[in-house]
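Remarks on the overall topology
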Amino acid sequence: MHGKIGSLFTGLVTASALLVPAGAPAPSPPTPPARAQAPVSPEAASRVEWKACAGENLPEGIRCATVTVPVDWRRPRGRKLTLDLARLPATDPANRIGSVLQVPGGPGAEGVEDLKRTAPGLTELRRRFDLVGYNPRNTGLRERLPAVCWEMGTQLLEPRDRAEYRAQVAKVEAASRECRDADSSGLFDNLDSLSVARDMDVVREALGERRLSFMANSYGGVPAAAYARLFPGRIRAMYLDGAADQVNGWAKLHLDHAAIGERMFGRFVAWCAADSACALHGEDVSAVWRALVEKLDRSPIPISSPELGEGKLSGWHLKLTSFQANPGPDNAWWKAFATSVDRLRKGDASGFAEAVNSNSRIWAVPAPRAITCPDDRGFTGYEQFRDVSRRMREASPHLGAAPFDMLGCAGWPRPVANPSRPLPVRGLPPFLGAGSWTDHTMTASLAGLVPGSVTVQYDGPGHALYMPGNNGPASRCVIGHATRYLVDLTLPAPGTVCRPGE
């Protein structure tokens, strides 16, 4: 029943993008040359006891440790929480610059595992830096929050009027309150990215670094931005890879996603017209799709999936969950999508049942929502829901609809801990961003808030481009730009493009 929870969030925050934003970034003051960085103090460095890591097939030289942070940062002397760390020490210690902390996405991804996975592609960066990964407080929640926090009793449906909106919000809110009442750990109230950012500074201090360099991917962009707001003077460099832009608000992120998703759907339609391997080849694909969405909105059909049981499939669900912007190897994912559409119009919904059930239920489940809803992800009320719904349809007639996450988080029962608000840029170094078809726009939106920043465009599919396995191999071109930036604080020229295979 719960197998999909850990893997859903990355896809839900990913925005499709192809274009570099207009306008050159403002000039920035010159950056000093890279040099070795001394620890803050021997006492701070000694707080971490490095030892052998558990597991097999580990990168050579990796060591593991833990740090302790408050569960509730408003009560720093209260209950404590232990976070796992891993470090790969610099291979050229005489020329060591400092440490690079990887900020994992998800949210809920394990940064220690990410470090192990990315190590082979970061050997050049490791010459000059200790590479550090950590497991944020939002990992391993299955064992730390009560079972009631994982109940999937509700499937989100698109409200047709104010009464339905309020009824659904009330139902989701009640589930959250029940989870909160059952949680004796205090974690439910303290999983926001502002708390994660404060934890990151404990890691910095424990490493003995005056300033850290960062690599943040996917949802890791949210705590990275929170860290920049809290501790701008403690950032040496910030590399953002497919990073979610919470600063400008979730509505903007989704609207950007919808506009680019519409263009990707146009690419799919063109491919289908040209390739007989498409199950809809020779038909008006746009007309087929629109008719299917309209029919399902009038009369949703029952669906069933092995993990999540019974549910409903409406046109709203179909637009939000079904289309894969990445065509996949040899267009395999687009072929599968076209086949599933063809089967659905004949009454077979099996190609979409699991994705629809997963996405439309997960955003009503208290535990995962406790990670993201405090980051200001919900609608403020029915009026905003209606406004965003309208703008999403305008941005993408084929795929635009009120997003699951904002609807589910409308029922968040607590004050927003990490509101979307402007990012003060004074004291921050220029950032480097990188993003593919599916996430360039949101990365550029976030990085572009800091004067002098640059975002590299990867002209292909993928996500978190320095990490192998994210819809393809890691990009050597992107890793090269990231390494030069992190080592020398040298940014590529605005408009720089990397292509698959480079």
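Before any of the text, the structure's been laid out above.
Let us look at the structure shown here.

Two cysteines joined by a covalent bond between their sulfur atoms form a disulfide. Within the structure shown, the criterion is met by 5 disulfides. The side chain of Cys149 participates in a disulfide bridge whose partner is Cys179; the two sulfur atoms lie 2.0 Å from each other. Between Cys149 and Cys179 the disulfide shows an S-S torsion of about 95°. By sign, it is right-handed. Residue Cys149 is found in the loop between strand 5 (129-134) and helix 5 (162-182), and its partner Cys179 is found in helix 5; the two are separated by 30 residues along the sequence. For the pair formed by Cys149 and Cys179, the shared burial category is buried. With its sulfur 1.9 Å from that of its partner, Cys477 forms a disulfide with Cys498. Residues Cys477 and Cys498 are joined through a disulfide that is left-handed, its torsion about the S-S bond being -65°. Here the residue Cys477 occupies a position in helix 17 (residues 476-488), and Cys498 occupies one in strand 12 (residues 497-498), the gap between them amounting to 21 residues.

Of note, the amide linkage connecting Gly106 to Pro107 takes the cis form, showing an omega dihedral of -5°. The phi torsion at Ser218 lies on the positive side, around 55°, for a residue other than glycine. For Ser218, the location among the structural elements is in the loop between strand 6 (212-217) and helix 7 (221-230). Residue classification places Ser218 among the buried positions, given a relative accessible area of 1%. A positive phi is found at Leu489, a non-glycine position, where the angle reads about 60°. Counting through the fold element by element, Leu489 comes out in the loop between helix 17 and strand 12.

Overall, the coordinates contain 1 cavity of 30 Å³ or more when judged by the stated rule. Put simply, the largest cavity is a space of about 70 Å³. Residue lining of the largest cavity: Val103, Pro104, Gly105, Pro107, Tyr134, Pro136, Asn138, Ser193, Val196, Tyr219 and Pro223, and that is the complete set. Of the residues in the lining of the largest cavity, the class split is 8 nonpolar, 3 polar and no charged.

Looking at the element boundaries, Ser436 is found in the loop between strand 10 (432-435) and helix 16 (440-447). Within the structure, Ser436 has its side chain in polar contact with the side chain of Thr438 (distance 3.0 Å).

With that settled, the discussion passes to the side chain of Asn138. Inspection of the secondary structure assignment puts Asn138 in the loop between strand 5 and helix 5. Within the structure, the side chain of Asn138 is placed 3.4 Å from the backbone nitrogen of Gly108, a separation counted as a polar contact. If sequence neighbours within four positions are ignored, Asn138 has contacts with Pro107, Gly108, Leu191, Val196 and Ile371.

Time to look at the pattern of salt bridges. Throughout the structure, instances matching the rule amount to 26 salt bridges. Residue Lys252 is joined to Asp256 by a salt bridge in which the shortest nitrogen-to-oxygen separation is 2.7 Å. Note that Lys252 and Asp256 are positioned in helix 8 (residues 250-274) at a spacing of 4 residues, about one turn of the helix. The exposure class of Lys252 is partly exposed, given its relative accessible area of 33%. Here Arg390 ties to Asp387 by a salt bridge, and the two come within 2.6 Å at their closest N and O atoms. Highlighted residues: Arg390 and Asp387, both in helix 14 (residues 382-395), separated by 3 residues, approximately one helical turn. Note on Asp387: relative accessible area 27%, which makes it partly exposed. Among the charged side chains, a network of salt bridges with common partners joins Arg87, Arg96, Asp130 and Glu209.

Let's shift gears to the sheet that holds strand 5. Overall, mixed pairing links the 10 strands, which are arranged 1-2-3-5-4-6-7-10-11-12 in an open sheet. Of all strands in the sheet, those with a lone pairing partner are strand 1 (51-52) and strand 12, marking the two edges. Bridge count for strand 10 against strand 11 (residues 454-458) is 4 bridges, and the pairing is parallel. Counterpart to Gly435 in the pairing with strand 11 is Gln457. Along the sheet, helix 16 makes contact with strand 7 (235-241), strand 10 and strand 11, crossing strand 11 at roughly 170°. Helix-sheet contacts for helix 17 involve strand 5, strand 6, strand 7, strand 10, strand 11 and strand 12, and the interaxial angle to strand 7 is about 170°.

As paired strands, strand 8 (residues 301-305) and strand 9 (residues 309-313) are joined by 5 bridges and run antiparallel to one another. In the sheet register, Pro302 faces strand 9, and the bridge partner there is Lys312. Counted along the chain from strand 8 to the antiparallel partner strand 9, the turn is 3 residues long.

On to the packing of aromatic side chains. Counted by the stated rule, this structure contains 22 aromatic pairs. Between Phe323 and Phe337 the ring centres are 5.4 Å apart and the planes differ by 70°, which places this aromatic pair in the edge-to-face class. One end of the pair, Phe323, is in the loop between helix 10 (315-321) and helix 11 (332-344); the other, Phe337, is in helix 11, and 14 residues separate them in sequence. An identical accessibility class is assigned to Phe323 and Phe337; each is buried. Taken together, Phe265, Phe268, Trp271, Trp289, Phe323, Trp334, Phe337 and Phe352 form an aromatic cluster joined through their ring pairs. Its end group placed over the ring of Trp150, Arg142 keeps NZ or CZ at 3.9 Å from the ring centre. Directly above the ring of Trp437 sits Arg267, whose terminal nitrogen or CZ lies 4.7 Å from the centroid.

Criteria and cut-off values
- Residues numbered from 1 in each chain as written.
- Predicted model: local features only at pLDDT ≥ 70, side-chain atom pairs only at ≥ 80, totals over all residues.
- Heavy atoms only, no water.
- Disulfide = S-S within 2.5 Å.
- Helix = DSSP H or I, 4+ residues; strand = E, 2+ residues; numbered from the N terminus.
- Buried < 20%, exposed > 50% of the residue type's maximum accessible area, 1.4 Å probe, protein only.
- 1 Å grid on protein atoms, 1.4 Å probe; cavity = no way out; pocket = protein on both sides within 12 Å on 5 of 7 lines; lining within 4 Å.
- Points joined across faces, edges and corners; volume = space filled by probe spheres on them.
- Nonpolar A, V, L, I, M, F, W, Y, C, P; charged D, E, K, R; others polar.
- Polar contact = N/O pair within 3.5 Å; in protein donor to acceptor, adjacent residues only side chain to side chain.
- Contact = heavy atoms within 4.5 Å.
- Salt bridge = Lys/Arg side-chain N within 4 Å of Asp/Glu carboxyl O.
- Pairing = 2+ DSSP bridges.
- Axes fitted to C-alpha atoms, helices over the stretch in contact; angles between N-to-C directions.
- Phe/Tyr/Trp six-rings, centres within 6.5 Å; stacked < 30°, edge-to-face > 60°.
- Lys NZ or Arg CZ within 6 Å of the ring centre and 35° of its normal.

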